[in-house]
Structure formats: structure tokens, C-alpha cells
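Working through the structure, step by step
Each chain, written out:
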Amino acid sequence: MIYDSPFRHLTRLEELNLSGNQLSHIEELFQFDSYPNKLKKLCLSHNAIQEIPGDTFFELTNLKELDLSYNSITELYEEPFSNLTNLVILKLNHNNIKNLNGAMNNLFNLKHLYLAHNQIENIVEQSIKIIYHLETIDISKNHLENLKTNLFSRHWNHFDDHSICKIKLSQNHISYVPNATVVPEFKTRLIRNSHHHKVMNIFTELDLSQNSITHVEFNAFQSIVQLITLDISCNRLISFTVNPNDLRYVKYLNLSKNFLQTLHYSSFASMINLQNLDLSNNNMDFIPDQSLINNHQLKLINMTYNEIVEIRRMRITFNRDGGVLDLTNNGITVLNLSPGDAYGLTILILRSNNITEPFLIKLNQQPTLVHLDMSYNLIEELDEESLQLPITLGILDLSYNLIQRIGPSSFHRVAHLKTLRLSHNKLASVEFGAFEGLAVLVNLDLSYNNIGRLDSKTLMDLKMLSVLSLRNNDLFYIDHSSWFAHKQNLRIYLDGNSFSCDWLAEALSDNNNGYSKMRPTVLKTTFTGHSIEGIPCKQDVGNFVQPNKNYMIADERLLVTNQKILEAVQEQTSFLKKHIWRFVLQDAERNAKSTK
């Protein structure tokens, strides 16, 4: 408890934070010797306040922000805020308020009102007069059942020219969104001025997610000016048919977690600014490309967790900077796109589908595709006909499949790959020629397979390889002789294998002495048990004997040394030639001058 008026003499106080105490009675706390006082920000959150007597804030006429969140306020009687005419922000979230009782009706400068996490069941007409002036109104996580569309209306002249109005009504019990009863004068003027390219920078974000909405009327959003974000996710919509003119400015539309089976063209016809569309967790068995034919700004379409099995057409144009299509967790087995389909698509995600035959995923006519994710599917084998993919592809993810074999030239169509992920498969070996044509590949992930032994010659095609992950295989030996002449510094991650300390010491020595650019390493170093430079190894390799490799490795080291000597000699010879030639020219010039 705080008794009397402890702040009476603090006449220059502008901010006061009393949060996190056990305050329950505050009616006499805010009395000052001078009037008006200078207090502008008052925080009383996380206390035990249950009621606010009418004269509690009577002297705080300069207050701009008042935080009463996380208390136990149940009612707002006696108009406790009536004298706070300069208040801009009022936080009453996380209380037990059931009714507003017109407590905010005199707060004509209020712009941000937070009422989330209360028990409000209804907002009567006398309580919403001030709401027309708000830039932010958050009534989420309450008990609202009947939605009045006048909650969407605003006195736009009250705002700056760059305002974003946020209306948050999520996690209530709303079941129906009725037609707007009035079109504000400002919206009519805005539409009229848009023909003269004088559109004000005032926008609206509306959140109706996590309610029980089954139906949205055609003109439900008519009173909203320049709606740019609309979230109706986690409801019970079977269809979504609204006036397209009311959605013409929408950039983000979230319809996820409903029961939609299709999209109506009439609703999307004017939605030319749409960039992010979320249709995940619905009942769609096809991509509604006809409805999206006018939306050329699309950057992301999320259609995860639907019921799509086959795709043989996709007449969608993505943003000129590229677009992402996420089809994770459908039942896709066939995807065949023709020239012109999915124009501008750069990233395609096909994770967790039913792809067994990769040649049925035909994307070789997609000239802008650079990233393809086919992880978590059922692919068992790759050969030279398997991947019908464009040469532009830079990242290919085939991890978490059932791949047991990769045949020669399997990746010959994707010669520009820089990252290839093959982790968590069932590979027991790597065949010669498996990676033929991948001359610019930089990252190769073969971790979490069953590879017991690896010959570096099988990876000789990978001239630019810089990172190789072999983590958690059954490896105990790598013939790394082919990497003595590798052009790039090559890091090989060896965690979770059974390499002998002799092999590891030899490989590290070759790297340290400059014979090899291959550097063994691990993601997590260890210094317990047997290890070298933090890389674990086994002291006893059993009966395993390197099959006559010592003399070959010695020859390779000698060859590397000779190559370095030869390069040094060539460089020195070139240097001497340049200087000798310069001296010859100087002598010739002197002779010419003496002759004259």
C-alpha cells in the first residue's frame, strides 16, 4: 500500500512507473501541489486494482499514456477517465472488464485502446462513440458474439496522412459478419480522388481470426477504407464471397484453417495488390489458379495441409522479384507444368507429399525456379531420367526420402546446382559418376545415411565443392587421395562416425602441411576419450588394413610437392624474362640514340 499523496511535491515528474506492486487502492495517490501537473506517462500494470473511483485521475490532465493492464478491474463506473482529454494510449488488457459503460466517450484524442483478455460480451452504442477516432482497437480474447460493423468505421480526419488503423477482434465468439450499414464520406472521397492519383496513405488491418465465423456478407467490409490486411483464419468458412472492390488494396489475406474447397473469381477479381495468400489447412484438392489470374504481385502462396494430389496447370503470375509456393503436406504424386505456368516462381516447396517417382515432377519449363524442396517424400532411386528440372536450379533438397541408389548422371540436367541435400536417406555407397556435371556445386550433404566407406574419386566431378557433410554414417575410412589436387578449401564434417585416429592424424597432417585442402572437422568438438584437435576417433581399427594405399599416397604427396616447385620455377622464370626483355629494350634505345 502507498498512503497519502507521496508524489505531491514532484511537480516536474513526467513519467511514473508503479507496476509490479500489490496496489489495490489508488484514489488518493495522484494529487499534486501544482495544477496542472506535468505527468505524461503513468504505468500501474501488474497490480491488484479492482476498481477506479471517478476522481482518481482528475488532476492528470496532461497524461498521454495510461497503463492499467494485468489488474483485476471488473467495472468502469463513474467515468474515471473523463478528465484525461489529452490521453493518446489507454491499456486495459488482461482485466475482468465486462462492460465499457461509455467510460472512454470523452477521450477525443485517444488513438490506441487495448482491451484484450477481458470478459466483454457486447459493446453498446453509447460505448463506441470514441471508437471512431481510434487507430488501434484491440478487443481480442473476449466474449463478443454479435459483431457490429460500425466497429470498422473511422473518423479518418482525426488521423495523420500516414496512419495504419488496426482492428483486432480475434479469439472471440463471433459467428457472422454482417453487411456494413454505411459507407463513410471519406471512403467515397478517397475512391473519387484515386482517379486523380491522390490516394491518402491511410490503411486498415483487420483481424477476425480464431472465431466461429461461418458466413461473411458480400458488403461486410464496405465501411473500411484501404484494407491492406485481412485475417479470417481459424474459422468455419465454407465459402468466401465478398465485394472485390472492398479488397482492392489487400496485400495480406489469411484464410487458413477453414473448410474452403474453392475460391470464387468474383471475390478476387480486383485484388490486384495481393502479395501474401494463406490457404493452408483447408479442403482444397486443386490450386484455384483461375481465381488468381489477375493477381500479379503474389510473393507467397501457402497451400500446405490441403488435399491436392495432381497438378497439371498453374496459370499464376508471381511478383517480378520472384514468388514462393508452399505445397507441404498434401498428397501430391504428379506435378506437370507447361511453358508459361507459374510465371515468376522461384521457390517451390513439396515437402511431405507422396512423391515416389521423381520424373513425374516435371518442372523443366520453369526458367525462374532456383530452389526446390522435395524432402520427406518416398523416392527410392535416382537415375539420369529421374529429375525433370530446369538448369536454373541452385538448391535441391532431397533429404528424408528412401533413396538407396544414385545412378550415373542423375543430376546432369541441373548443372548449376550449388547446394544439394541428400541427408537422412538409405545410401550405402556413392557410385562413380553419380554427381557428374555438378561442376559448380559448393555444398553437399550426405549425412545420416549408411555409407561405410568413401572413395574421393567418386566426387572428382565436384570441382568447386567447399562443404561436405558426412555426419552420422558408418564411415571408418575415406580414401582422400583425389583431394590432394582439389582447388577449393574443403571442410568435411565427420560427427558421429568411427574414424581411426591413424587416418585422422594423417588427414590433418596432409592439410596442415599443404598437401591437401581437405580439412576434417566436426560441428561439436570433444576432448573426452580419443580425439585429435577436438575430433573424436577410435584407437583400435580392428583388422581393417588400408589396401596398399601407402605408396599411392606418398606418390600423391610427391606429385603435389613437385607441382608446387614447378609453379615456383615457372613464376621465377617469367619474372626473369620480363626483366631481361626490359634490359634488352633499354640497350636498343641507347644504341639508337648514340647512332643519331
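Attention in this report is confined to the structure presented alongside it.

Cut-offs applied
Residues numbered from 1 in each chain as written. Predicted model: local features only at pLDDT ≥ 70, side-chain atom pairs only at ≥ 80, totals over all residues. Heavy atoms only, no water. Core = buried A, V, L, I, M, F, W, Y, C linked by side-chain atoms within 4.5 Å. Buried < 20%, exposed > 50% of the residue type's maximum accessible area, 1.4 Å probe, protein only. Helix = DSSP H or I, 4+ residues; strand = E, 2+ residues; numbered from the N terminus. Salt bridge = Lys/Arg side-chain N within 4 Å of Asp/Glu carboxyl O. Disulfide = S-S within 2.5 Å. Patch = residues over 30% accessible without salt bridge, like charges linked within 9 Å, V, L, I, M, F, W, Y side chains within 5 Å. Areas by Shrake-Rupley, 256 points an atom, 1.4 Å probe, with all protein chains shown as cover. Lys, Arg positive; Asp, Glu negative; His and termini not counted. Charge placed at Lys NZ, Arg CZ, Asp CG, Glu CD. Pairing = 2+ DSSP bridges. Polar contact = N/O pair within 3.5 Å; in protein donor to acceptor, adjacent residues only side chain to side chain. Contact = heavy atoms within 4.5 Å. Expected span 1.5 Å × (residues − 1). 1 Å grid on protein atoms, 1.4 Å probe; cavity = no way out; pocket = protein on both sides within 12 Å on 5 of 7 lines; lining within 4 Å. Points joined across faces, edges and corners; volume = space filled by probe spheres on them. Nonpolar A, V, L, I, M, F, W, Y, C, P; charged D, E, K, R; others polar.

**Side note on the nonpolar core**
- Phe30, Phe57, Phe81, Met104, Phe221, Phe411 and Phe435 are the most contacted members of the largest nonpolar core, which has 145 residues in total.
- Breaking this core down by element, the ones donating at least two residues are β7 (164–168), β11 (227–231), β18 (345–349), β28 (477–479), β29 (490–493) and α3 (501–512).
- Element by element, the count of residues in this core is highest for α3, at five residues.

**Focus on the pattern of salt bridges**
- Applying the stated criterion across every chain, the model contains twelve salt bridges.
- A salt bridge links Asp495 to Arg471; its shortest N-O distance comes to 3.6 Å. Taken together, the residues Asp495 in the loop between β29 and α3 and Arg471 in the loop between β27 (467–469) and β28 connect sequence positions 24 residues apart.
- The salt bridge involving Glu533 is made with Arg519; its shortest N-O contact spans 2.5 Å. Taken together, the residues Glu533 in the loop between β31 (531–532) and β32 (535–536) and Arg519 in strand β30 (residues 518–521) connect sequence positions 14 residues apart.
- For Arg519, a relative accessible area of 25% corresponds to the partly exposed category.
- Here the salt bridges do not stand alone but share partners, grouping Glu381, Arg405 and Glu431 into one network.

**Observations regarding the state of the cysteines**
- The full count for this structure, using the stated rule, is one disulfide.
- The disulfide bridge from Cys501 ends at Cys537, spanning 2.1 Å between sulfur atoms. Its torsion about the S-S bond being 85°, the disulfide of Cys501 and Cys537 is classed as right-handed. Placement of the pair is Cys501 in helix α3 and Cys537 in the loop between β32 and α4 (550–595), with a sequence separation of 36 residues.
- With relative accessibility at 9%, the residue Cys501 sits in the buried group.

**Things to note about a negative patch on the surface**
- A cluster of like negative charges, contributed by Glu27, Glu28, Glu51, Asp55 and Glu78, occupies part of the molecular surface.
- Residue position: Glu78 is located in the loop between β3 (65–67) and β4 (89–91).

**A few points about the pairing of strand β9 (residues 203–207)**
- Alternating positions in β9 separate cleanly, Thr204 and Leu206 being buried on one face and Phe203, Glu205 and Asp207 remaining unburied on the opposite face.
- With four bridges joining them, β9 and β11 adopt parallel strand pairing. Bridging from a neighbouring strand, Thr204 pairs with Leu227 of β11.

**Thoughts on a positive patch on the surface**
- Where like charges cluster on the molecular surface, the positive patch consists of Arg12, Lys38, Lys40 and Lys64.
- Considering the arrangement of structural elements, one finds Arg12 in the segment before β1 (15–17).
- Owing to a relative accessible area of 71%, Arg12 belongs among the exposed residues under this scheme.

**Comments concerning the side chain of Ser267**
- Following the sequence through the fold, Ser267 ends up in helix α2 (residues 265–268).
- Here Ser267 falls in the buried class, since its relative accessible area comes to 0%.
- Within the structure, Ser267 has its side chain in polar contact with the backbone oxygen of Phe240 (distance 3.1 Å).
- At a separation of 3.0 Å, a polar atom in the side chain of Ser267 contacts the main-chain amide nitrogen of Val242.
- If we ignore the near neighbours within four places in the chain, the residues touching Ser267 are Phe240, Thr241, Val242, Pro244 and Leu247.

**Thoughts on α3**
- For α3, built from twelve residues, the straight-helix expectation of 16 Å at 1.5 Å per residue is met to within 8% by its first-to-last C-alpha distance of 16 Å.
- Burial in α3 covers these residues: Cys501, Trp503, Leu504, Ala507, Leu508, Asp510 and Asn511.
- In the stretch just after α3, Gly514 is the one whose phi turns positive, near 85°.

**Considerations on the sheet that holds strand β19 (residues 361–362)**
- Reading across the sheet, the three strands line up as β15-β17-β19 and stay open at both edges, with parallel pairing between neighbours. Across the chains shown, the open sheet's two edge strands, defined by having one partner strand only, are β15 (310–311) and β19.

**Observations regarding unusual backbone geometry**
- Positive phi, normally seen in glycine, also occurs at Tyr70, with a value near 55°.
- Considering the arrangement of structural elements, one finds Tyr70 in the loop between β3 and β4.
- Of the residues examined, Tyr70 reaches a relative accessible area of 35% and is grouped as partly exposed.
- Positive phi outside glycine occurs at Lys141, with the angle close to 55°.
- Mapping Lys141 onto the fold places it in the loop between β6 (136–138) and β7.
- Assessed through its relative accessible area of 31%, Lys141 is described here as partly exposed.

**Re the environment of Ile238**
- Position of Ile238 relative to the elements: it lies in the loop between β11 and β12 (252–254).
- In this structure Ile238 comes out as exposed when scored by relative accessible area, which is 61%.
- Sequence separation between Ile238 and Ile213 is 25 residues; the distance between their C-alpha atoms is 9.8 Å.
- Beyond its immediate stretch of four places on either side in the chain, Ile238 contacts Thr214, Phe259, Leu260 and Gln261.

**Considerations on the environment of Asn86**
- Mapped onto the fold, Asn86 is located in the loop between β3 and β4.
- Under the relative-accessibility criterion, Asn86 is labelled partly exposed at 29%.
- Here the alpha-carbon distance between Asn86 and Leu63, two residues 23 residues apart in the chain, equals 6.1 Å.
- Not counting residues within four places of it along the chain, the set of residues in contact with Asn86 comprises Thr61, Asn62, Leu63, Lys64 and Asn109.

**Points about empty space enclosed by the protein**
- Scanning the entire structure with this criterion turns up one cavity of 30 Å³ or more.
- Volume-wise, the largest cavity comes out at about 70 Å³.
- In terms of residue class, the lining of the largest cavity is made up of six nonpolar, three polar and one charged.

**Observations concerning the pairing of strand β16 (residues 323–326)**
- Of the two faces of β16, the one holding Gly323 and Leu325 and the one holding Val324 and Asp326 are both buried throughout.
- Across three bridges, the pairing between strand β14 (residues 300–302) and β16 is parallel. Looking at β16, one finds that Ile301 is bridged to Leu325.
- Alignment of β16 against β18, held across four bridges, turns out to be parallel. Each residue of the ladder has a partner; that of Gly323, found in β18, is Leu345.

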